[in-house]
Amino acid sequence: MIDLEKHVVVIYPHPDDEAFGASGTITQFREAGVSVTYLCGTLGEMGRNMGNPTFANRETLSEFRKKELIDACKVLDVDLRMLGYRDKTLEFESRDEVAEHLKGILEEIEPSLVITHYPGHAVHPDHDAMGAAAVEAVRLMDASKRPKVWAQALSHDHLELFGEPDVINNVKAVFNQKMKTIMAHRSQAQGVLGKMKENQDDVTDIEAIAKERLGYESFYTWNFD
């Protein structure tokens, strides 16, 4: 299935969303020769993690995260477009306006697949808002040119509500590339990975913990009918 796509567009709100959420799948697409474009909504300038040890502050974080995002996309070998929205404000943006913005880009690129967050089940308000706008953008497209949408649910109850995801990618074979992408986001990586290590005293290898937690990437196919 991976090598059947023409062009994949990934739409997430923050730098590092692509790394933790879909970089294994993106790597599989790139290895199959499929073009991938990442539409990143914000620069994550309101994030809490400032590096470990701290090397950024509230004024400089956006600069660091922009560079990290560019570096991560170089690791993944994907095209990057920064959409210019402000972190932690996407829920207050007009969904229609964001959808129209995305629709224009999608009509230009003409992807066969869009990957985004599952609206209402992606935990963070920015995730939900960007996912909702992405789904709406695809819905507004001419049905004959509409790409498939894979929506990534992160809420604890998504299995209970929706059942098993339609797409479950085992990305352990390319996890080295996923880990490189995660580590490109230096200001965020240690904080997020450190939380994974909590209550894991018997495992000292953080990459082994990450591989166990993040070795599968799952998506629901959005139904527009």
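As a reminder, the structure under discussion sits directly above these lines.
To start, this report covers the structure provided alongside it. Treat the numbers as computed from the prediction; the structure is a model and nothing was measured.

1. Overview of the pairing of strand 5 (residues 148-152)
- Of all five residues that make up strand 5, four are buried, and the element is covered over most of its length.
- The sheet contact formed by strand 4 (residues 113-117) and strand 5 spans five bridges and is parallel. What sits directly across from Val114, in strand 5, is Val149.
- Since strand 4 and strand 5 lie parallel, the crossover through helix 4 (residues 125-140) that links them has a hand, and here it is right-handed.

2. Let's talk about the side chain of Glu18
- Mapped onto the elements, Glu18 comes out in helix 1 (residues 17-31).
- For the buried residue Glu18, which engages in no salt bridge, the nearest side chain bearing the opposite charge is Arg65, 7.6 Å off.
- Within the structure, Glu18 has its side chain in polar contact with the backbone nitrogen of Asp16 (distance 3.1 Å).
- Only 2.7 Å separates the side chain of Glu18 from the side chain of His185, close enough to count as a polar contact.
- Beyond its immediate sequence surroundings of up to four residues, Glu18 is in contact with Tyr12, Ser23, Ile26, Tyr38, Leu69, Ala72, Leu76, Thr181 and His185.

3. With respect to the side chain of Glu68
- In this fold, Glu68 is placed in helix 2 (residues 61-76).
- In this structure Glu68 is buried but unpaired, with Arg65 as the nearest side chain of opposite charge at 4.6 Å.
- A polar contact of 2.8 Å, which involves the side chain of Glu68, links it to the backbone nitrogen of Ser187.

4. Here's the deal with helix 4
- Given a rise of 1.5 Å per residue, 16 residues ought to cover 22 Å, and the 22 Å separating the end C-alpha atoms of helix 4 matches this to within 8%.
- Of all 16 residues making up helix 4, twelve are buried, and the element is well covered by its neighbours.
- Listing the buried residues of helix 4 in full gives Asp126, His127, Ala129, Met130, Gly131, Ala132, Ala133, Ala134, Val135, Glu136, Ala137 and Val138.
- Here the buried face of helix 4 lies against strand 1 (7-12), helix 1, helix 3 (95-109), strand 4 and strand 5.

5. Some details on the nonpolar core
- Counting residues in each nonpolar core, the largest one holds 22 residues, and the members touching the most others are Ile11, Leu102 and Leu106.
- Listing elements by their share of this core, those giving two or more residues are strand 1, helix 3 and helix 4.
- By residue number, the principal contributor to this core is helix 4, which donates seven residues.
- Core analysis: the second largest hydrophobic core is formed by 20 residues, Tyr12, Ile26, Val34 and Ile115 among them.

6. Some thoughts on the packing of aromatic side chains
- For the coordinates displayed, the defined rule picks out seven aromatic pairs.
- Their ring planes at 25 degrees and their centres at 4.7 Å tell us that Tyr118 and Phe162 sit as a pair that is stacked. Of this pair, Tyr118 sits in the loop between strand 4 and helix 4 while Phe162 sits in helix 5 (residues 158-162); the two residues are 44 residues apart in sequence, bridging distant segments of the chain.
- Of the residues examined, Tyr118 reaches a relative accessible area of 14% and is grouped as buried.
- Look at Phe162 and you get partly exposed, because its relative accessible area is 31%.
- One aromatic cluster is present, built from ring pairs that chain together Tyr118, Phe162, Tyr220 and Trp222.

Thresholds, definitions, all that
- Residues numbered from 1 in each chain as written.
- Predicted model: local features only at pLDDT ≥ 70, side-chain atom pairs only at ≥ 80, totals over all residues.
- Heavy atoms only, no water.
- Buried < 20%, exposed > 50% of the residue type's maximum accessible area, 1.4 Å probe, protein only.
- Helix = DSSP H or I, 4+ residues; strand = E, 2+ residues; numbered from the N terminus.
- Pairing = 2+ DSSP bridges.
- Right-handed = clockwise from strand over helix to strand, strands pointing away.
- Lys, Arg positive; Asp, Glu negative; His and termini not counted.
- Salt bridge = Lys/Arg side-chain N within 4 Å of Asp/Glu carboxyl O.
- Polar contact = N/O pair within 3.5 Å; in protein donor to acceptor, adjacent residues only side chain to side chain.
- Contact = heavy atoms within 4.5 Å.
- Expected span 1.5 Å × (residues − 1).
- Core = buried A, V, L, I, M, F, W, Y, C linked by side-chain atoms within 4.5 Å.
- Phe/Tyr/Trp six-rings, centres within 6.5 Å; stacked < 30°, edge-to-face > 60°.

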